[in-house]
Number of protein chains: 10
Amino acid sequence: MLFHVTMDVNIPNDADPTAIDALKAKEKARAQELQHAGVWRHLWRVAGRYSNVSIFDVASNGELHDLLSTLPLFPYMEVRVTALCRHPSSIHDDR
Amino acid sequence: MLFHVTMDVNIPNDADPTAIDALKAKEKARAQELQHAGVWRHLWRVAGRYSNVSIFDVASNGELHDLLSTLPLFPYMEVRVTALCRHPSSIHDDR
Amino acid sequence: MLFHVTMDVNIPNDADPTAIDALKAKEKARAQELQHAGVWRHLWRVAGRYSNVSIFDVASNGELHDLLSTLPLFPYMEVRVTALCRHPSSIHDDR
Amino acid sequence: MLFHVTMDVNIPNDADPTAIDALKAKEKARAQELQHAGVWRHLWRVAGRYSNVSIFDVASNGELHDLLSTLPLFPYMEVRVTALCRHPSSIHDDR
Amino acid sequence: MLFHVTMDVNIPNDADPTAIDALKAKEKARAQELQHAGVWRHLWRVAGRYSNVSIFDVASNGELHDLLSTLPLFPYMEVRVTALCRHPSSIHDDR
Amino acid sequence: MLFHVTMDVNIPNDADPTAIDALKAKEKARAQELQHAGVWRHLWRVAGRYSNVSIFDVASNGELHDLLSTLPLFPYMEVRVTALCRHPSSIHDDR
Amino acid sequence: MLFHVTMDVNIPNDADPTAIDALKAKEKARAQELQHAGVWRHLWRVAGRYSNVSIFDVASNGELHDLLSTLPLFPYMEVRVTALCRHPSSIHDDR
Amino acid sequence: MLFHVTMDVNIPNDADPTAIDALKAKEKARAQELQHAGVWRHLWRVAGRYSNVSIFDVASNGELHDLLSTLPLFPYMEVRVTALCRHPSSIHDDR
Amino acid sequence: MLFHVTMDVNIPNDADPTAIDALKAKEKARAQELQHAGVWRHLWRVAGRYSNVSIFDVASNGELHDLLSTLPLFPYMEVRVTALCRHPSSIHDDR
Amino acid sequence: MLFHVTMDVNIPNDADPTAIDALKAKEKARAQELQHAGVWRHLWRVAGRYSNVSIFDVASNGELHDLLSTLPLFPYMEVRVTALCRHPSSIHDDR
């Protein structure tokens with residue numbers, strides 16, 4: 001099941017740079033792990049902003065929440081989730 | 001180049017059903033044509049709304065506008081465009 | 001899987017009353033059918049507005065969309081969908 | 001009487017973790033106490049956000065306020081309350 | 001129990017004046033009836049707008065909805081309801 | 001002359017509790033003083049929020065501003081003012 | 001007493017031009033009458049929009065409402081009213 | 001003096017096509033006339049929308065309003081004006 | 001040329017009171033200087049808020065920016081500028 | 001390819017002035033470098049705000065993001081990007 005997720009990252013300017021860099025490294029590793037697993041299907045950067053648009057393919061709302069809420073940078077994120085489904089004009093059957 | 005496009009379709013309830021059905025058929029044909037051409041990369045339905053989220057892969061802003069503004073249902077659409085680019089954590093090189 | 005759905009109904013004042021009453025009757029029948037089927041789990045009226053707050057229990061986003069988009073009054077609705085999942089403090093296991 | 005309540009929790013990143021964990025534990029205990037009492041009828045997590053959607057069943061607005069404003073995490077919450085009532089298409093008599 | 005209700009009235013400019021005047025007369029009669037009954041406690045005009053701010057004193061959300069949704073001008077209203085309760089600094093015990 | 005005033009109070013979580021409690025006590029005393037004077041006509045709590053809806057009866061905009069801007073908690077308030085006047089359907093002559 | 005009033009005029013494109021022109025003429029006459037009376041103190045056009053920003057000097061909220069709600073173009077206006085008072089840094093005593 | 005102007009054009013779907021086409025032709029002619037005159041400095045299309053972003057170079061607010069409000073399509077436009085001035089980091093002296 | 005300017009002042013509660021008082025004194029002196037110069041034509045307080053509505057009479061956008069951006073309290077202000085011009089119904093020729 | 005970019009700069013009042021001044025100097029140098037390179041085509045100040053409106057001419061979304069996200073003041077910016085393209089009424093062929 002596909003979910004459209006936008007993540008705006010707001011890291012306070014006075015946050016400890018070392019700690020934040022460590023979090024960013026974990027975030028990247030986790031994001032790549034989930035992409036390889038086919039769960040985080042698409043991850044794009046919004047041009048000009050510290051934001052991304054992502055497409056998740058999960059089995060349930062609960063799985064989506066567990067994935068998002070355990071992202072290292074989650075405490076610094078404003079997240080919006082939109083449930084997607086197959087469009088009648090899509091040339092793909094499964095999406 | 002990737003663009004994130006949302007299209008909310010608002011067809012007046014008193015519009016001529018026959019004319020609208022004809023437009024919808026053209027819209028579907030055009031959408032599938034562009035998907036097969038690899039331009040309209042992704043087309044998903046927003047669950048619960050007469051809206052879609054799409055990803056377009058075009059060579060320029062101008063090409064994007066020409067594609068969108070000539071869609072049969074364009075006069076009934078509220079369109080929002082967001083420029084995307086490759087995310088540093090993406091496992092794909094080209095997107 | 002649970003989805004929180006709000007439906008604001010806006011019926012133009014110059015719509016044909018007879019046609020609208022027929023639609024409303026179909027809407028009520030369909031809503032009760034889905035409630036009996038356990039799909040439309042909760043249906044509440046927002047006090048003071050021609051709006052409802054509902055909880056749907058469906059197997060997928062696609063099923064949710066099919067249910068909502070085929071409601072007789074769907075063309076007159078402004079719908080917002082929010083994906084829900086079990087809260088860690090809930091005393092229920094399944095919701 | 002039913003009230004729809006959304007609670008967005010915003011805990012500053014520089015808050016004392018120990019104090020916050022203690023508050024969270026109290027919050028969970030209180031939430032479960034009220035659910036067992038049948039007052040906090042439904043408690044769902046919004047997928048992807050530190051937010052919940054809840055349905056309270058109380059005798060008055062005042063009782064609702066007392067319950068919400070004494071929640072341990074209330075100082076960190078953005079709360080929205082919507083008064084609900086029985087929908088004419090509901091198959092239930094009491095809700 | 002007190003509810004704060006705002007009602008913005010939007011009557012289309014091309015509506016039949018005679019029919020609207022009749023509705024307005026019914027609306028006034030009903031409003032005065034409910035004020036005399038102590039249910040519609042306060043009714044104020046928002047300066048510069050075809051809107052009012054009202055305070056209703058009702059026994060339940062359901063009663064509030066029944067009163068509002070049967071107002072003659074309800075189909076032309078944008079209504080917002082806010083649940084009120086006694087303020088700890090109020091010098092009145094019952095409100 | 002009547003004014004509708006909403007006051008949302010936002011006290012930073014890291015504010016000095018003792019100082020804040022002292023301010024709250026002053027605020028309550030001042031509010032009750034103005035209510036007894038018939039200036040602060042109505043003071044209601046918004047259920048679920050650290051907000052109030054109030055009705056002030058003052059001789060001028062200037063008097064309203066002086067009253068509001070000298071409230072002890074004013075620095076922590078988001079205030080919205082709406083000018084009210086007698087509604088043509090009100091059963092009261094003076095309001 | 002001063003009030004800041006913005007008026008956005010929205011005349012449907014299919015309105016009868018002759019009737020509208022007549023209304024506009026009455027509006028202009030009334031506006032000039034009130035300016036000469038010193039009630040409509042300032043009337044400015046918002047560059048690029050069919051909107052104005054005005055300052056009214058009236059004795060009460062009620063007087064303001066009576067003036068605004070009887071303007072010929074009132075049915076086509078979106079009006080916002082803000083109560084003003086003398087600024088402590090103003091070099092004028094009365095405003 | 002430079003002004004940033006956005007124009008969203010909303011032509012009702014049931015407008016007379018012939019009349020609209022005539023207006024569009026006049027609009028184009030006028031726009032090109034003003035560009036040649038150096039007043040309408042920049043005119044860009046917003047990709048995906050029937051909107052433009054323009055930069056006007058005029059001697060006064062009044063001149064700007066006269067130009068915009070006499071555009072043939074002005075009655076169908078939602079216009080927003082932002083006053084610009086030279087940026088301290090601009091490599092140009094006059095803009 | 002006239003500009004409508006609103007200034008919402010937000011001074012953090014933990015700012016150094018002495019420094020802020022000094023800034024406020026400078027702000028008042030500067031405001032009165034500009035009013036005497038006829039540049040800051042009108043300065044009104046918004047009742048109930050630490051905000052003002054002002055009318056500036058300047059020769060250019062650039063002059064307006066220089067005046068506003070050098071106000072002592074500018075760093076604590078949320079400013080909105082609206083370009084005004086003479087209204088066709090104004091009884092004044094120059095404004 | 002042209003992109004319309006607005007940048008609102010919000011520098012916390014308690015930031016280290018020396019560090020910020022250094023950043024501002026770097027920002028100015030970088031902005032002028034990009035203007036000379038023809039990439040940052042237009043840079044205007046929004047009158048009354050610490051904001052700019054800019055037009056970038058870049059080969060791709062990715063290039064735009066790299067330019068914006070590496071601006072020295074980027075961490076203090078709220079950025080909005082709008083994709084532009086040639087307007088059919090433009091007298092210029094390339095923009």
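Computed from a predicted model, the values in this text were never measured in an experiment.

Cut-offs used in this document
Residues numbered from 1 in each chain as written. Chains lettered and ligands numbered in written order. Predicted model: local features only at pLDDT ≥ 70, side-chain atom pairs only at ≥ 80, totals over all residues. Heavy atoms only, no water. Helix = DSSP H or I, 4+ residues; strand = E, 2+ residues; numbered from the N terminus. Buried < 20%, exposed > 50% of the residue type's maximum accessible area, 1.4 Å probe, protein only. Contact = heavy atoms within 4.5 Å. Areas by Shrake-Rupley, 256 points an atom, 1.4 Å probe, with all protein chains shown as cover. Lys, Arg positive; Asp, Glu negative; His and termini not counted. Charge placed at Lys NZ, Arg CZ, Asp CG, Glu CD. Salt bridge = Lys/Arg side-chain N within 4 Å of Asp/Glu carboxyl O. UniProt positions renumbered as here; feature names shortened; annotations may be inferred. Least-squares fit on C-alpha atoms with pLDDT ≥ 70 in both. Disulfide = S-S within 2.5 Å. Buried area = accessible area lost by both parts, 1.4 Å probe. Nonpolar A, V, L, I, M, F, W, Y, C, P; charged D, E, K, R; others polar. Pairing = 2+ DSSP bridges. Axes fitted to C-alpha atoms, helices over the stretch in contact; angles between N-to-C directions. Arc of directions from axis to C-beta. Polar contact = N/O pair within 3.5 Å; in protein donor to acceptor, adjacent residues only side chain to side chain. Patch = residues over 30% accessible without salt bridge, like charges linked within 9 Å, V, L, I, M, F, W, Y side chains within 5 Å. Phe/Tyr/Trp six-rings, centres within 6.5 Å; stacked < 30°, edge-to-face > 60°.

K.L.:
So what's going on with the overall build of chain A? Residues and values would help.
P.N.:
Regarding its fold elements, chain A presents 2 helices and 4 strands. Taking the principal axes of the C-alpha coordinates as reference, chain A spans close to 50 × 25 × 20 Å. Put simply, chain A has 95 residues, and 52% of those count as buried. Here the contacts in chain A between residues at least 6 apart in sequence split such that 67% fall between residues at least 24 apart. When the accessible surface of chain A is summed, it comes to about 4000 Å², and 51% of that surface belongs to carbon and sulfur atoms. Across chain A, the 10 positively charged side chains and the 12 negatively charged ones have centroids separated by 5 Å.

K.L.:
Any details on the pattern of salt bridges? Residues and values, ideally.
P.N.:
Residue and element names in this part refer to chain J. Here the structure, examined in full by the defined rule, presents 40 salt bridges over all chains. The salt bridge partner of D8 is R80, with a shortest N-O separation of 3.1 Å. Of this pair, D8 sits in strand 1 (residues 2-9) while R80 sits in strand 4 (residues 77-86), placing them 72 residues apart in sequence. Classification of R80 by relative accessible area gives partly exposed; the value is 40%.

K.L.:
How would you sum up the UniProt feature "domain: Muconolactone isomerase" (unreviewed entry) in chain A? Please name residues and give values.
P.N.:
The UniProt feature table records "domain: Muconolactone isomerase" (unreviewed entry) at residues 1-89 of chain A. Structurally, residues 1-89 of chain A comprises 33% helix and 36% strand, and the distance from its first C-alpha atom to its last is 18 Å.

K.L.:
Please set out the relation of the copies chain D and chain F residue by residue, giving values where relevant.
P.N.:
Aligned on chain F, chain D shows an RMSD of 0.0 Å; the corresponding rotation is 72 degrees and the shift along the axis is 0.0 Å. Taken together, these values place the two copies in the relation of a five-fold axis.

K.L.:
Account for the relation of the copies chain I and chain G, naming residues and giving values.
P.N.:
You can overlay chain I on chain G at an RMSD of 0.0 Å; the transform is a turn of 180 degrees with a shift of 0.0 Å along its axis. Within this description, the copies of the chain are treated as partners about a two-fold rotation axis. A high fraction, 100%, of the interface residues of chain I reappear at the interface in chain G, so the copies pair face to face through one surface.

K.L.:
Tell me what's going on with the state of the cysteines, and back it up with residues and numbers.
P.N.:
In this structure the tally under the stated criterion is 0 disulfides over all chains. The closest cysteine sulfur to the non-disulfide-bonded C85(A) is located on C85(C), 19 Å from its own sulfur. A relative accessible area of 10% means that C85(A) is categorised as buried.

K.L.:
Before we move on, could you go through the interface of chain D and chain F and cite the residues and values that matter?
P.N.:
Chain D puts 11 residues into the contact, and the matching count from chain F is 7 residues. Buried area between chain D and chain F, summed over both chains or domains, comes out near 670 Å², and the portion from carbon and sulfur atoms is 52%. Of all residues in chain D, H65(D), F74(D) and V79(D) bury the most surface against chain F, accounting for 50% of the area lost on that side. Here chain D is connected to chain F by 1 salt bridge. For the side of chain D that touches chain F, the leading source of residues is strand 4 (residues 77-86) of chain D, giving 4 residues. Residues of the side of chain D that touches chain F, tallied by class, amount to 7 nonpolar, 2 polar and 2 charged.

K.L.:
If you had to explain the sheet that holds strand 1 of chain J to someone new, which residues and values would you point to?
P.N.:
Strands sit in the order 1(H)-3(H)-2(H)-4(J)-1(J)-3(J)-2(J)-4(H) around a closed barrel of 8 strands; the barrel is antiparallel. Across the sheet, the axes of successive neighbouring strands diverge by a mean angle of 35 degrees, strand direction being ignored. Examined bridge by bridge, strand 2 (residues 40-46) of chain J and strand 3 (residues 51-57) of chain J share 5 bridges and lie antiparallel to one another. Note on strand 3 of chain J: the bridge partner recorded for W40(J) is F56(J). Helix 1 (residues 17-36) of chain H rests against strand 2 (40-46) and strand 4 (77-86) of chain H of the sheet, and its axis sits at about 135 degrees to strand 2 of chain H. Seen against the sheet, helix 2 (residues 61-69) of chain J touches strand 1, strand 3 and strand 4 of chain J and runs at an angle of roughly 25 degrees to strand 1 of chain J.

K.L.:
Quick rundown of helix 2 (residues 61-69) of chain H? Include the residues and the values.
P.N.:
Inspection of helix 2 of chain H places N61(H), L64(H), H65(H), L67(H) and L68(H) among the buried residues, and these make up the whole buried set. All buried residues of helix 2 of chain H project into a common sector of 165 degrees when viewed along the axis, lining one side.

K.L.:
Pulling in residues and values, what's your account of the arrangement of the chains?
P.N.:
One thing to see here is that chain F and chain H don't touch, and their nearest C-alpha atoms sit 25 Å from each other. For the non-touching pair chain D and chain I, the nearest C-alpha separation works out to 17 Å.

K.L.:
Can you explain the pairing of strand 1 (residues 2-9) of chain B? Please cite residues and give values.
P.N.:
Residue and element names in this part refer to chain B. Burial analysis of strand 1 places 8 of its 8 residues in the buried class, the great majority of the element. Here strand 1 shows no split at all, with L2, H4, T6 and D8 on one side and F3, V5, M7 and V9 on the other all buried. Across 7 bridges, the pairing between strand 1 and strand 3 (residues 51-57) is antiparallel. Looking at strand 3, one finds that H4 is bridged to I55.

K.L.:
Please provide a residue-by-residue account of the side chain of S51(E), values included.
P.N.:
Here S51(E) shows up in strand 3 (residues 51-57). If we skip the residues at most four places from it in the chain, S51(E) touches M7(E), D8(E), W44(E), R45(E) and V46(E).

K.L.:
Summarise the side chain of S90(E); cite the residues concerned and give the values.
P.N.:
You can see S90(E) is positioned in the segment after strand 4 (77-86). Looking at S90(E), its side chain comes within polar contact range of the main-chain nitrogen of H92(E), at 3.0 Å.

K.L.:
For the interface of chain I and chain G, give the residues involved together with the corresponding values.
P.N.:
If you look at the interface, chain I gives 29 residues, while chain G gives 29 residues. Carbon and sulfur atoms supply 63% of the area that chain I and chain G bury against each other, a total of about 2600 Å² over both sides. Of all residues in chain I, W44(I), R45(I) and I91(I) bury the most surface against chain G, accounting for 25% of the area lost on that side. Remark: the boundary between chain I and chain G carries 0 salt bridges. Along the contact surface separating chain I from chain G lie 13 residue pairs in polar contact (both at pLDDT 80 or more). Mapped onto the side of chain I that touches chain G, the elements with two or more residues apiece are strand 1 (2-9), helix 1 (17-36), strand 2 (40-46), strand 3 (51-57) and strand 4 (77-86) of chain I.

K.L.:
Can you tell me about a negative patch on the surface, naming the residues and giving the values?
P.N.:
A surface patch of negative charge is lined by D14(A), D14(D), D14(F), D14(I) and D14(J). Of note, D14(D) is situated in the loop between strand 1 (2-9) and helix 1 (17-36). For D14(D), a relative accessible area of 72% puts it in the exposed group.

K.L.:
Please set out the environment of P72(J) residue by residue, giving values where relevant.
P.N.:
Residues and elements named next belong to chain J. In this structure, P72 sits in the loop between helix 2 and strand 4. Residue classification places P72 among the buried residues on the basis of a relative accessible area of 17%. Ignoring sequence-local partners within four residues, the contact set of P72 consists of L23, K26, E27 and R30.

K.L.:
Could you give an account of the packing of aromatic side chains, naming the residues involved and the relevant values?
P.N.:
All names here are of chain A. Evaluated as defined, the whole model comprises 10 aromatic pairs over all chains. An angle of 35 degrees between the planes, with centres 4.7 Å apart, marks the rings of W40 and F56 as tilted. One end of the pair, W40, is in strand 2 (residues 40-46); the other, F56, is in strand 3 (residues 51-57), and 16 residues separate them in sequence. Among the residues examined, W40 registers a relative accessible area of 2% and is labelled buried. On the accessibility criterion, F56 (0% relative accessible area) is buried.

K.L.:
Help me get a handle on the environment of T70(G), residues and values and all.
P.N.:
Residue and element names in this part refer to chain G. As for its position among the elements, T70 is in the loop between helix 2 (61-69) and strand 4 (77-86). Residues T70 and P88 lie 18 residues apart in sequence; the distance between their C-alpha atoms is 34 Å. In terms of polar contacts, T70 uses its side chain to reach the backbone carbonyl oxygen of L67, at 3.1 Å.

K.L.:
Which residues make up the pairing of strand 3 of chain J, and what are the values?
P.N.:
On a regular strand, one side chain projects to one face of the sheet and the next to the other, so that they alternate. Most of strand 3 of chain J is tucked away: 6 of the 7 residues are buried. As consecutive antiparallel partners, strand 2 of chain J and strand 3 of chain J are separated by 4 residues, and within that stretch G48(J) has a phi angle of approximately 95 degrees, a positive value.

K.L.:
Which residues make up the environment of T6(G), and what values go with them?
P.N.:
Residue and element names in this part refer to chain G. Along the chain, the position of T6 falls in strand 1 (residues 2-9). When the C-alpha atoms of T6 and A31 are compared, they prove to be 14 Å apart, with 25 residues separating the residues in sequence. Those residues in contact with T6, other than ones at most four positions away along the chain, are N52, V53, E78, V79 and R80.

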